[in-house]
Amino acid sequence: AIIATGFYRLHVWDDEPDDTEAAEFDEADDVMVSIGSAFMGLTVGCARCHDHKFDPISQKDYYSMLSFLRGIE
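Here is what the cut-offs are and how they apply
Residues numbered from 1 in each chain as written. Predicted model: local features only at pLDDT ≥ 70, side-chain atom pairs only at ≥ 80, totals over all residues. Heavy atoms only, no water. Phe/Tyr/Trp six-rings, centres within 6.5 Å; stacked < 30°, edge-to-face > 60°. Buried < 20%, exposed > 50% of the residue type's maximum accessible area, 1.4 Å probe, protein only. Axes fitted to C-alpha atoms, helices over the stretch in contact; angles between N-to-C directions. Helix = DSSP H or I, 4+ residues; strand = E, 2+ residues; numbered from the N terminus. Parallel < 35°, antiparallel > 145°, perpendicular 65-115°, else oblique. Left-handed = near helix turned anticlockwise from the far one by under 90°. Contact = heavy atoms within 4.5 Å. Nonpolar A, V, L, I, M, F, W, Y, C, P; charged D, E, K, R; others polar.

A. Representation of the packing of aromatic side chains. Applying the stated criterion to the full structure yields one aromatic pair. The interplanar angle of 90° and the centroid separation of 4.9 Å between the aromatic rings of Tyr62 and Tyr63 together place this pair among those described as edge-to-face. Relative accessible area serves as the criterion here: at 0%, Tyr62 is assigned to the buried category. Taking the relative accessible area as the measure of exposure, Tyr63 reaches 37% and is therefore partly exposed.

B. View of the packing of helix α2 (residues 20-40) against helix α3 (residues 59-70). Viewed as axis vectors pointing N to C, α2 and α3 meet at an angle of 110°, and their least axial separation amounts to 10 Å. In terms of orientation, α2 and α3 fall into the roughly perpendicular class. The two elements α2 and α3 cross, and the hand of that crossing is right-handed. Here α2 contributes Glu24, Phe25, Ala28, Asp29, Val31, Met32, Ile35 and Met40 to the contact with α3, which in turn contributes Tyr62, Met65, Leu66, Leu69 and Arg70. When grouped by side-chain class, the residues that make up the contact of α2 with α3 number ten nonpolar, no polar and three charged.

Honestly, that's just the spatial picture; any functional story needs more than this.
If you want it as structure tokens, here you go:
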């Protein structure tokens, strides 16, 4: 549990964001990209904007996983 907590804290922290909603999505995206590269071995960050023809992660899959991560405190 301690290692998992440390992994969760390894991303950029913005204490004073200009736009709180955009900062929330950017933070969730950073966690999502870290999880995708570390545990799945995939680059999932580009699925935030568009689908690729041959990539296994679509925008629908990306935002489904992102909605799960938004509920984690």
